[in-house]
Each structure stands twice: as C-alpha cells, then as structure tokens.
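Close look at the chain arrangement
Given next are the chains, with one letter for each unit.
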Amino acid sequence: MPLRIALRYLVSRKSHTAVNIISAISIAAVAVTAMAMVCVLSVFNGFAGLVGDKLSRLDPQIKVVATEGVIENSDSLIDVLRKIDGVTLATPTIESRALAIYDGRQMPVVVKGVAPDYERLTAIDSLIKDDGDFLLSLDGDDLSVVSLGVSLVLNTAPGYFAPLEIYAPRRRGAINPANPMTSFRRCRTFVAGTFEVQQQEYDNDYIFLSLDAARQLFDYPTQATAIELGVDGDVESVRRRISDTLGDKYVANDRLMQHSRSFKMINVEKWMTFLLLGFILVIASFNIISTLAIIIAEKDESITALRAMGADRRLVSGIFVAEGWLISIVGAAIGVAVGLGLCALQIKYGLVKMGTDAKNLIIDTYPVVIEPADLLTILGIVAVVGLITSWATAIAMRRRLDR
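Summarised in this report is the structure supplied together with it. This structure is a prediction, so every number in the text was calculated from the model and none was measured.

**Description of helix H3 (residues 74–82)**
All buried positions along H3 are accounted for by Ser74, Leu77, Ile78 and Leu81. The buried side chains of H3 occupy one side of the element, clustering within an arc of 105 degrees when seen end-on. Buried residues belonging to H3 abut strand E1 (62–66), strand E2 (87–102), helix H7 (211–218), strand E9 (226–231), helix H8 (235–246) and strand E10 (250–254).

**Topic: the nonpolar core**
Core analysis: the largest hydrophobic core is formed by 25 residues, its most contacted members being Val109, Leu164, Ile166, Ile207, Leu209 and Phe218. Breaking this core down by element, the ones donating at least two residues are E2, strand E3 (105–114), helix H5 (148–154), strand E6 (164–169), strand E7 (184–195), strand E8 (206–210) and H7. Per element, the largest residue contribution to this core is five residues, and it comes from H7. Among all residues touching Leu164, those that are not within four sequence positions of it are Ala100, Ile101, Tyr102, Ser144, Val146, Leu154, Cys187, Arg188, Thr189, Val191 and Ile207. With 19 residues, the next largest nonpolar core counts Val30, Phe274, Leu281 and Ile378 among its residues.

**Details of the pairing of E9**
Across the six residues of E9, six count as buried, placing the element largely inside the fold. The two faces of E9 match: Ala226, Glu228 and Gly230 on one face and Ile227, Leu229 and Val231 on the other face are all buried. With three bridges connecting them, E1 and E9 associate as antiparallel partners. Residue pairing across strands places Lys63 opposite Glu228, the latter belonging to E9. Looking at chain direction, E2 and E9 are connected through six bridges and run antiparallel. In the sheet register, Ala90 faces E9, and the bridge partner there is Leu229.

**Describing the environment of Leu164**
Within the secondary structure, Leu164 is located in strand E6. Distance from Leu164 to Val191, taken between C-alpha atoms, is 6.8 Å for residues 27 residues apart in sequence.

**Describing the side chain of Arg215**
One can find Arg215 in helix H7. Not counting residues within four places of it along the chain, the set of residues in contact with Arg215 comprises Ser74, Pro92, Ile94, Tyr220, Pro221, Thr222 and Gln223.

**A word on unusual backbone geometry**
One non-glycine residue, Asn155, adopts positive backbone phi at about 60 degrees. Tracing the backbone through its elements, the reader meets Asn155 in the loop between H5 and E6. The phi dihedral of Gln198 falls on the positive side, at around 70 degrees, and the residue is not glycine. With respect to the helices and strands, Gln198 occurs in the loop between E7 and helix H6 (200–203).

**Observations concerning the environment of Ser96**
Within the secondary structure layout, Ser96 lies in strand E2. Residue Ser96 is classed as partly exposed on the basis of its relative accessible area of 27%. Put simply, Ser96 and Phe218 are 122 residues apart on the chain and 7.9 Å apart in space, counted from C-alpha to C-alpha. Beyond its immediate sequence surroundings of up to four residues, Ser96 is in contact with Val109, Val110, Val111 and Phe218.

Each value, and the rule that gives it
- Residues numbered from 1 in each chain as written.
- Predicted model: local features only at pLDDT ≥ 70, side-chain atom pairs only at ≥ 80, totals over all residues.
- Heavy atoms only, no water.
- Buried < 20%, exposed > 50% of the residue type's maximum accessible area, 1.4 Å probe, protein only.
- Helix = DSSP H or I, 4+ residues; strand = E, 2+ residues; numbered from the N terminus.
- Arc of directions from axis to C-beta.
- Contact = heavy atoms within 4.5 Å.
- Core = buried A, V, L, I, M, F, W, Y, C linked by side-chain atoms within 4.5 Å.
- Pairing = 2+ DSSP bridges.

Distances and angles like these do not, on their own, reveal function.
The following block contains the structure:
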C-alpha cells in the first residue's frame, strides 16, 4: 500500500509547477551521478583489460618461483610439475640484470634466458618487428632479441653488423684486482630481432637470450629463477593444485598475480574515483530531502484524509520513505541506462579521444569495458543512500504527525 501511493504521488501532476521541477531536478541529480559512475568505472575496466591483454602476450599463464633465492634443481621440479593435472608445458627461465654494450654504446638491461619451446608458451613471435625474427641461436652463434627501448638506446639492428656483448658479475671464484674485467662473465651475441609489447616494463630494457647462453652468463648450470607453465582448463584451479603440490617453498602466480602492483594501482584509482563520486551522490541526495519536504507540504490535505480513514503514522511516513526511495531508483535507472548508452557509443565509434599526442600511445581512444558487477554496485549504493535520506525525512514526518 505505501509503495502504490508513493508511486502515484511520483507520477501524478502536482498542484504547483515548482514541485514538478524540483522533483525532476532531484531525479536528474541522481541520474547524472549514476551515469558518471558507469562511465568512469567502465573506462578503468577498459584500461585494466588493455594492460592484461598486452601483458598476456609475453607472460605465461602461471609462473612458479622460489620463496627465497632461485630454484636450485629446476629439472627435478619440472618433472613434478608436468605430472600435475592441467599442466601442458613447463619450461625453465633465468632472469637477471646485466650490462649490454653495442658498438661503443652501453646500458643496464634485464636479460631473460628461455628454452627453445618458449614460443609455445607466449606470443613473443607476434611482437617481433618485420625486419627480424625470434631466433636465439643459429649455426653455433648465440643470438639475442632486444626490446624497442634497447634498440633505440644502443642503435642495434638485426644482422651480423656488430656483436652485442652482455656482461654480468661473477657469482663465484676469485677476483683479480689488477684486471677488473675478470670480475665479469661475458656473452657475445648478434641481434636477431626487436620486439615491442607497448608496456614500459618490457619495452625499456629487456633482452632475450637462449637458456644455455643465460646459464653460462649468470653461472646457473642447473638453477632457474622461475619455471613458466602453460595450462589447459581453468587457470585458477590448476594454480591451486600446483600450490598444494609444491608447498611453502614455492609460489605459483597467475598473470594477474605476476603484475599485482600494476593492477592494484588501477583498482585503487578506480575505487577512489568511485568513492569521490559516492560523496557527490550523497550531496545530490540532499535534493531528495528538500523534494520530500515540499511534497509533504503539498500533500497536507491528502495526509489529513488518510489519517481520518484510519491510517497510522507508520503507514503515512512509509509512503514518503517509499517516495524518496523511488526518486533515487528512477534516477539511478535513468543514469545507468544513459551511461550504458554512452559506453556503447564509445566502444563502437570511439567518440572520446585520448588527446592530441595519442599517436604515441597504444590506443587513441579511451577503452571501455562494462562489468555487470559494477552496475549492481552502483544501483546498490544509490538505493542505500536514497533509503537513508528517505528515512531522515520520515523521522521529521513522524514528529509532524505527533504534533
């Protein structure tokens, strides 16, 4: 009964035009805030999806690392991992920092040694520039594949023009102070190709070597810094089975966990923005209180009639609680619908561009991904805020009825 009467109050024409205008403003305030929430959260989802898509082309589905140090006997661990249900490929990798020198230029780099089957694990071959290939050895020569950042700084080019020399500190053995170069191990390679992921983490200073060359360079004959896995089926289920099998000495990370810092930053920014918009929603909801106060004043005769027919104060106050809640819900529904429409237009036509220098970015329009959970969250917070403001008005209504 209260909801039916409240709905009639909401859609019926008011005796004063100003009441209609104020009601429309209250609905519009909630709608605009809900629309902003939909658009902003969808854009953050788009950026998270974009980062995940780029990283997934070079990252394994699951990476196993030791909780302390390196994996000492990688071959034995690989044998264990291959027996786990869902694991289709397991390959050791070695990753460490070194110094690269090419034609008199030098820079610190991150070197990653990979096995020949690494191409089956990632989409690295699709990231190679047209003038090169993903080759790490040829006719007995060690080859390397460098990132775009390394290529620009060192001015490398695929081919046998000049050797790319990579130096790493010796881990074991005596050091000769008279000859400092004996403190380093060297790997002499030729550049076979250049790759670009369009992510700074990899594009700035990354170099791929063969696993054998990396083992000699870093003096890891049987060790590995990680074991990277390809899996079949649900990745999370396989990851849990791996964690249960290996115990506390090793950690199995999926792609999201491998780059938790990047995704955490996006999520923090997303929900901080959502929180700020939530405060704006609370402020906008004060319009509902003023609207209800005016509607109560206008419906004074109706309230008197209801009381005369036996309606108690709880029923009468419940009508206006429902009235305020309906204003919030209608505003939220309109805002979500408009927000979804704008997101659909952005997805199809890319109406909002990144900026004048977008040619240097991965994409030139804002990415948008709509998540149903976000929509439910928005509707939920609008409903709760609307209910609270309506209850505040209802308390004042009861006091008025008592008088």
